[in-house]
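Here is how the chains run, residue by residue.
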Amino acid sequence: MSDTDKIIYLDNAATTQVYPEVLEAMTPFFTEYYGNPSSIYTFAGKASEAVNKARGIMAQGINARADEIYFTGGGSESDNWALKATAEAYQDKGKHIITTKIEHHAILHTCEYLEKKGFEVTYLDVDEYGTVKPDELKKAIRPDTILISVMTANNEIGTIQPIAEIGAIAKEHGILFHTDAVQAFGHIPIDVEAMHIDMLSASGHKLNGPKGVGLMYIRKGVKIRSFIHGGAQERQRRAGTHNVPGIVGFGKAAELAFADMDKRIAYETKLRDHLIERVLNEIPYARLNGEREKRLPNNANFCFRFIEGESMLILLDQQKICASSGSACTSGSLDPSHVLLAIGLPHEIAHGSLRITLSEKTTKEEIDFTVDRLKEIIERLRGMSPLYEDFVKHQK
């Protein structure tokens, strides 16, 4: 690809590039060590060893035990497993679940499904920065509450939740605690012991691993059943032939992420803050969504008044800049983000959102080029907006 064709990729919350080291680690398990790890003959041993090695890497990275890590087909499957299997296993104790209004749809839609099955779900409000208030959580707990599910960090606005405090509340009340850590795993430190996490979901393609592979951490002693039936894989809890190349790639990506985490956090945070400062200082009627400090290192989410997000994305795309106007799973929707509505933004402002998510390979030059183009695009779009014209007249 020539420089003139170079794409500036700023949508790393949607998916990430598979790193060359990750692909290199995966390749032999497509072509050379292609045995089924569940088989007993020697040839399958290499595949089995590789799966176990990846399991150990995941466990060490979050202070878990290797036998508490289960491989799945991705974050959405893990979220479904956590909620549906807990509901089934603990329904004799109660049918009440607590979550938040800003969860990923893999959680929200699963909760809607469970409501149709007779479960009751409390959807906690968040404050203007998208943070769950532990006091509100305490008030929502009932004698029949069996599960609390709160995401570690929001996929749209990047706000990091007080997970350790939430986990402590759940433990104090004898309630299982699940966290959707898809955006956080490998990006910020997570300690399942210190944070009192009973179940955790993660996904390979959010940290430079392959798509189609994820994990569930299930604390030893949590009595939830299989989600997929048909075989004895994953200690009889998740049937299906192991996706060995995917698991190996996920393991390698996690190994790289855990090893470089501090360095990457420092780099991405500095670049993110430069982006935020330029946008807020140089583009009128812009606002930052989410916590200013307690946010993912690579996430910046803005709203621009008098702008339609879709038009902004199309014009950015013409400049070969990839960004998002919401989460990847809802970017095809004309409705504003449920997360932005939950933090109190009116529809007309929520429609003008832009999510920029960086990587350790994003450069300051790319950010400056993006902000320069963004200023031109917003000026152009506002120039065509009767609402903006009326607003300016009234300001005068």
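Heads up: these notes are all about the structure in this document.

Throughout the structure, instances matching the rule amount to 11 aromatic pairs. Between the aromatic rings of Tyr 34 and Phe 43, the centroid separation amounts to 5.0 Å while the plane-to-plane angle is 70°, which identifies the pairing as edge-to-face. Judged by relative accessible area, which is 37%, Phe 43 ranks as partly exposed. Each ring, one from Tyr 285 and one from Tyr 388, has its centre 6.5 Å from the other, and the planes form 70°; the classification is edge-to-face. Here the residue Tyr 285 occupies a position in the loop between helix 10 (261-282) and strand 9 (286-288), and Tyr 388 occupies one in helix 15 (residues 386-395), the gap between them amounting to 103 residues. In this structure Tyr 285 comes out as partly exposed when scored by relative accessible area, which is 33%. Among the aromatic side chains, those forming a connected cluster through ring pairs are Tyr 285, Phe 306, Tyr 388 and Phe 391. Here the guanidinium or amino end of Lys 84 rests over the ring plane of Tyr 113, the centre of that ring lying 4.7 Å away. Positioned above the aromatic ring of Phe 369, the side-chain terminus of Arg 373 is 4.7 Å from the ring centre.

Bringing the sheet that holds strand 5 (residues 145-149) into the picture now. One open sheet holds the seven strands; their spatial order is 2-8-7-6-5-3-4, and the pairing between them is mixed. The sheet terminates laterally at strand 2 (69-72) and strand 4 (120-124), the two strands that pair on one side only. Strand after strand, the sheet turns through a mean of 20° between neighbouring axes, direction not considered. Here strand 5 pairs with strand 6 (residues 176-180) via three bridges, running parallel.

Here three strands make up an open sheet; going across it, the order is 9-10-12 and the pairing antiparallel. A strand with exactly one partner marks an edge of an open sheet, and here the two such strands are strand 9 and strand 12 (353-357). The mean inter-strand angle of the sheet, taken between neighbouring strand axes irrespective of direction, is 25°. Taken together, the three bridges between strand 9 and strand 10 (residues 299-304) define a ladder with antiparallel strand orientation. Each bridged residue has a counterpart across the sheet, and for Ala 286 the counterpart in strand 10 is Phe 304. Sheet strands touched by helix 11 (residues 309-318): strand 10 and strand 12. Its angle to strand 12, the strand with the most contacts, is close to 45°.

With that out of the way, let us pick up the pairing of strand 8 (residues 214-218). The buried fraction of strand 8 amounts to five of the five residues, a majority that puts the element mostly inside the structure. Burial along strand 8 is two-sided: Gly 214, Met 216 and Ile 218 and Leu 215 and Tyr 217, pointing in opposite directions, are all buried. Of the strand pairs in this sheet, strand 2 and strand 8 are connected by four bridges, and their pairing is antiparallel. Following the sheet pairing, Thr 72 is matched in strand 8 by Gly 214. Where strand 7 (residues 199-203) meets strand 8, five bridges bridge the pair, whose relative direction is antiparallel. When the bridges of strand 8 are listed, Ser 201 appears paired with Met 216.

Each value, and the rule that gives it
Residues numbered from 1 in each chain as written. Predicted model: local features only at pLDDT ≥ 70, side-chain atom pairs only at ≥ 80, totals over all residues. Heavy atoms only, no water. Phe/Tyr/Trp six-rings, centres within 6.5 Å; stacked < 30°, edge-to-face > 60°. Buried < 20%, exposed > 50% of the residue type's maximum accessible area, 1.4 Å probe, protein only. Helix = DSSP H or I, 4+ residues; strand = E, 2+ residues; numbered from the N terminus. Lys NZ or Arg CZ within 6 Å of the ring centre and 35° of its normal. Pairing = 2+ DSSP bridges. Axes fitted to C-alpha atoms, helices over the stretch in contact; angles between N-to-C directions. Contact = heavy atoms within 4.5 Å.

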